[in-house]
Amino acid sequence: MKLVLLSGGSGKRLWPLSNDARSKQFLKVLENEDGELVSMVERVWGQIEASGLGESSYIATSSAQIEMMRLQIGGKAPLIIEPDRRDTYPAIVLAASYLYSCEGAALEDTIAILPVDPYVDIQFFEAIKHLDQVLDESEAELALIGVAPTYPSAKYGYIIPAQGQQPGADYYTVDHFREKPTEVQAVQLLAQGALWNCGVFAFKLGHLIGIMEQNGYPVQYQELVKQYHLLPKISFDYEVVEKTAHIVVVPYAGYWKDLGTWNTLTEEMKQQQIGKGTISPDCVNTHLINEIDIPVSVIGLSDIVVAVSPDGILVADKSASPRIKDYIDYGLGPMFEERQWGWVRILDDQVYEDGRCVATKRVCVKDQRNPGYRMHLFREEVWTIVRGEGEFIQNGNYMKVKAGNVLHIPMKILHSIRAIGDLEMIVVQSGLQHESNRIMEIYQTWDEITDNCMKT
């Protein structure tokens, strides 16, 4: 069996902590067994390894999430990179072509697909392993996992098994699906033995390769990447699942939860407060998550979430928090981004009447790490080092730098810096607004840079 985790998302549902550069699965707000804050993806990957599935698991993600994924789980999982975001159907098709043409997976191999961020207990992954056997026994084209509902929810889709099947069976034949009913309708569905659709399914690789060939898609990964922009933007559920004749579902009675909104996420947070601030004792079921250095006080308010980041401030009743996507279209890019080598926080971003744009950033480069050897094609920069020391290379010229040094980096000049201890600097970047900022990078590691670029 091969396991593919889908990592996507635009970051809107948990704004302002999540954004296009840091989707919800990367937020470190959950606790592990040692009391350390971990993200959803770190938690799930730990469960996958503990279940013995680590060696056969892959993560399908967009190019925008590569750095965050590497930062949080290192090189443990092979990444299948989508050239751009196009929904779950093209992502899964791309993953199938990668497994087939790059990893040598056989057509009879079982491929299991699941989201990268389910909140489950470890037994859930035993149910995933069981999908392989279920496909063989049932000879179905698809095998799904359906969660036994704990209440009539209007938030989830439902899988309705065919009537007249033996109760307590290992798996059931699926009759049809129902997307997000009303609560009254959900009560009726539960009476029919309906299960929550948790987005987990499995198929034989040959089944999807056959669909690809029928649609005229190349099965070779490199060729499909070139044509990826031509694939329809549609979910796998609509394009494949709902058109499949023989589907079975494995019922799962263990713990499962979708932490997709602030009200569901805070239910699983062990800490009422993360970051600077105060919550008064008369606040009940109130959470504060603060990522900036300014303290926030919450007094006399219950059942709310207060989330603060460089991207903005959210104050919401928890029951209303799913409506956040209707109110955050501010047209702003991410004001805070984590990188493999450190982090970047935008302090100010201005466009002037003459067309010049100036962005002021606070940048941290972590100890012994470095950005790639790169040049800005349409921006110049001035770096003022405010903390720490490091090694700086510009157009092959090497120098030691420390707090107080000011470095000028013109456009189209290759440069990089390696921190000796954590290093912080203020970066002022300027150029013309109509010339979008483009970066060309030729090396990533410091060894590559020093071996190939230093003048002797």
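First, a word on scope: everything that follows refers to the structure included in this document. (Residues numbered from 1 in each chain as written. Predicted model: local features only at pLDDT ≥ 70, side-chain atom pairs only at ≥ 80, totals over all residues. Heavy atoms only, no water.)

**Considering the sheet that holds strand E18 (residues 304-309)**
- On the basis of which strands lie adjacent, the open sheet formed by four strands has the order E14-E16-E18-E19 and mixed pairing. The sheet terminates laterally at strand E14 (273-274) and strand E19 (312-317), the two strands that pair on one side only.
- Pairing of strand E16 (residues 287-290) with E18, which is carried by four bridges, proceeds in the parallel orientation. Pairing of His287 across the sheet is with Val305, part of E18. (Pairing = 2+ DSSP bridges. Helix = DSSP H or I, 4+ residues; strand = E, 2+ residues; numbered from the N terminus.)

**Observations concerning the pairing of strand E21 (residues 342-351)**
- Alignment of strand E20 (residues 336-339) against E21, held across four bridges, turns out to be antiparallel. Its bridge partner lying in E21, Glu337 is registered against Val344.
- Linking E20 to E21, which pair antiparallel, is a turn of two residues.
- Pairing analysis gives nine bridges linking E21 to strand E22 (residues 356-365), with the strands arranged antiparallel. Its bridge partner lying in E22, Gln350 is registered against Val358.
- Between E21 and E22, which pair antiparallel one after the other, the connecting turn spans four residues, and Gly355 there sits at a positive phi close to 95°.

**A short note on the packing of aromatic side chains**
- Throughout the structure, instances matching the rule amount to 13 aromatic pairs.
- Measuring from centroid to centroid gives 4.8 Å for Tyr156 and Trp196, while their planes differ by 65°, and the two rings are edge-to-face. Of this pair, Tyr156 sits in the loop between strand E8 (142-147) and strand E9 (158-161) while Trp196 sits in strand E11 (residues 195-204), and the two are 40 residues apart along the sequence.
- Trp196 gets classed as buried once you look at its relative accessible area, which sits at 3%.
- Summarising the aromatic geometry, the rings of Phe201 and Phe236 are spaced 4.8 Å apart at their centres and angled 5° between planes, so their arrangement reads as stacked. Taken together, the positions of Phe201 in strand E11 and Phe236 in helix H8 (residues 236-239) put the pair 35 residues apart, joining distant regions of the chain.
- A relative accessible area of 6% means that Phe201 is categorised as buried. (Phe/Tyr/Trp six-rings, centres within 6.5 Å; stacked < 30°, edge-to-face > 60°. Buried < 20%, exposed > 50% of the residue type's maximum accessible area, 1.4 Å probe, protein only.)

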